[in-house]
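Read off the chains here:
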Amino acid sequence: MNIKIFHSEKMENLSYLLIDEKKDAVIIDPSWSYESIEKEIYKSNLSLKSVLLTHGHYDHSDGAAFFEKKGAPIYIGDQDIFLLNNPIKNPLPLKDGQKLFLLEKEILCLHTPGHSPGSFCFLCQNNLFTGDTIFPGYCGRVDLPGSNPKEMRESLIKIAKLDEGIKIYSGHSYNGGESTIKKEKESNPCFVNLDNEEDFFNVII
Ligand SMILES: [Fe+2]
């Protein structure tokens, strides 16, 4: 599977285009890169199967309605629908543990609330797309409407149980935007302090 990364200068958002051998493609978090993504789909003659949203904040989701108009189904955690700035007509609700068979390799959807109530991470092969749940060196903000520090801790505990070799692709290019679960467990204060709730609450943003 090929992963194309689109960087938006505005708020340093990262969008991802997952492409398999058959040229089927899935977009994660189109935000403001939707025109560049559309150009790539056209240029490489890709078949867009779906758009997945890690959460409803506008800097991740604003481009989704554009692709819905072109016929792509849009998946989002239903607890985040209230956050959408650019509404989706027929959002498809994600479920924790759901497997999506859109590409040759399945995509596992993990509900990871904390930054927002309907945040999801998407695992495809060895690649975890974390949105605003994890960045290299820290985790997402938990002071926004619908945020919940306790839920963030539970979500990170869940992610810490995954294979340490898994690569992380986050929703912004902060600190480079990419890491591994192993690296984060070793050096990210949010992971290092997971065992003790009080310590964890002292280090999260
Ligand atoms: Fe966010």
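The coordinates are above.
Remember, predicted model here, so these are calculated numbers, not experimental data.

**Student:** How should I be thinking about the overall build of the chain in this particular structure?
**Tutor:** Across its full length, the chain carries seven helices and 14 strands. Compactness check: the chain gives a C-alpha radius of gyration of 16 Å against a globular reference of 17 Å for 205 residues, within 12% of the reference. If you line up the chain on its principal axes, its C-alpha atoms span 50 × 35 × 30 Å. Sorting the 205 residues of the chain into buried and exposed places 53% on the buried side. Long-range contacts, defined here as pairs at least 24 residues apart, represent 55% of the contacts in the chain between residues at least 6 apart. Accessible area of the chain: about 9400 Å², with a carbon and sulfur share of 48%. Across the chain, the mean location of the 22 positive side-chain charges is 6 Å away from that of the 30 negative side-chain charges.

**Student:** For this particular structure, what's the right way to read the sheet that holds strand β4 (residues 47-52)?
**Tutor:** Strand pairs in the sheet, formed through backbone hydrogen bonds, run parallel or antiparallel to each other. Judged by pairing direction, the sheet is mixed, and its six strands sit side by side in the order β1-β2-β3-β4-β5-β6 without closing on themselves. At either end of the open sheet lies a strand with only one pairing partner, and these are β1 (2-7) and β6 (92-93). With five bridges connecting them, strand β3 (residues 24-28) and β4 associate as parallel partners. Paired with D24 across the bridge in β4 is S47.

**Student:** Teacher, can you tell me more about unusual backbone geometry here?
**Tutor:** For residues besides glycine, phi is generally negative; the peptide bonds are generally trans as well. Notably, S31 is not glycine yet its phi reads approximately 35°, a positive angle. Mapped onto the secondary structure, S31 falls in the loop between β3 and α1 (34-43). Here N175, not a glycine, exhibits a phi torsion of approximately 55°, which is positive. By secondary structure assignment, the location of N175 is in the loop between β13 (167-170) and β14 (178-180).

**Student:** In this structure, what is going on with α1? I would like to understand it.
**Tutor:** Counting along an α-helix, one turn takes 3.6 residues, and residues three or four places apart therefore face a common direction. Listed in full, the buried residues belonging to α1 are I37, E40 and I41. All buried residues of α1 lie within an arc of 100° about the axis, which places them on one face of the element. α1 presents E35, K39, Y42 and K43 as exposed residues on the side facing more than 90 degrees away from its buried surface. Taken together, the buried residues of α1 touch β1, β2 (14-19), β3, β4 and α3 (64-69). N45, located one to two residues past α1, shows a positive phi value of around 55°.

**Student:** Please explain the side chain of H57 as it appears in this structure.
**Tutor:** Inspection of the secondary structure puts H57 in the loop between β4 and α2 (58-61). Of the residues examined, H57 reaches a relative accessible area of 13% and is grouped as buried. Excluding residues within four positions of it along the chain, H57 makes contact with L83, H115, S116, D132 and L144.

**Student:** How do you make sense of the coordination of the iron ion when you look at a structure like this?
**Tutor:** Four donors placed tetrahedrally around a metal ideally meet at 109.5 degrees, and six donors placed octahedrally ideally meet at 90 or 180 degrees. Donor atoms from the polypeptide that coordinate the iron ion comprise H55 (NE2), H57 (ND1), H115 (NE2) and D132 (OD), at 2.2 to 2.3 Å from the metal. One can describe the donor arrangement at the iron ion as irregular, given that its four donor atoms subtend angles of 89 to 176° at the metal. Within one chain, the residues serving as donors to the iron ion are arranged as H-x1-H-x57-H-x16-D. One end of the pair, H55, is in the loop between β4 and α2; the other, H115, is in the loop between β8 (107-111) and β9 (120-124), and 60 residues separate them in sequence.

**Student:** Looking at this structure, how should I read the pairing of β9?
**Tutor:** Successive residues of a regular strand alternate their side chains across the two faces of the sheet. Extensive coverage of β9 is indicated by the burial of five of its five residues. Here β9 shows no split at all, with F120, F122 and C124 on one side and C121 and L123 on the other all buried. Turn length for the β9-strand β10 (residues 127-131) hairpin, with the two strands adjacent in sequence and antiparallel, is two residues, and the turn residue Q125 shows positive phi of about 55°.

**Student:** In this structure, what is going on with the packing of aromatic side chains? I would like to understand it.
**Tutor:** Geometrically, a pair of aromatic rings is defined through the distance of the ring centres and the angle of the planes. If you walk through the whole model with that rule in mind, you get nine aromatic pairs. The interplanar angle of 90° and the centroid separation of 5.0 Å between the aromatic rings of F66 and F67 together place this pair among those described as edge-to-face. Pairwise contacts between aromatic rings join Y16, F129 and Y169 into one cluster. Over the face of the ring belonging to W32 we find K10, whose NZ or CZ atom lies 4.4 Å from the ring centre.

The rules behind each value
Residues numbered from 1 in each chain as written. Predicted model: local features only at pLDDT ≥ 70, side-chain atom pairs only at ≥ 80, totals over all residues. Heavy atoms only, no water. Helix = DSSP H or I, 4+ residues; strand = E, 2+ residues; numbered from the N terminus. Rg over C-alpha atoms; globule rule 2.2 N^0.38 Å. Buried < 20%, exposed > 50% of the residue type's maximum accessible area, 1.4 Å probe, protein only. Contact = heavy atoms within 4.5 Å. Areas by Shrake-Rupley, 256 points an atom, 1.4 Å probe, with all protein chains shown as cover. Lys, Arg positive; Asp, Glu negative; His and termini not counted. Charge placed at Lys NZ, Arg CZ, Asp CG, Glu CD. Pairing = 2+ DSSP bridges. Arc of directions from axis to C-beta. Donors = N, O, S within 2.8 Å, 3.2 Å for Na, K, Ca; no water. Tetrahedral: all angles 85-135°; square planar, octahedral: opposite > 155°, others 65-115°. Phe/Tyr/Trp six-rings, centres within 6.5 Å; stacked < 30°, edge-to-face > 60°. Lys NZ or Arg CZ within 6 Å of the ring centre and 35° of its normal.

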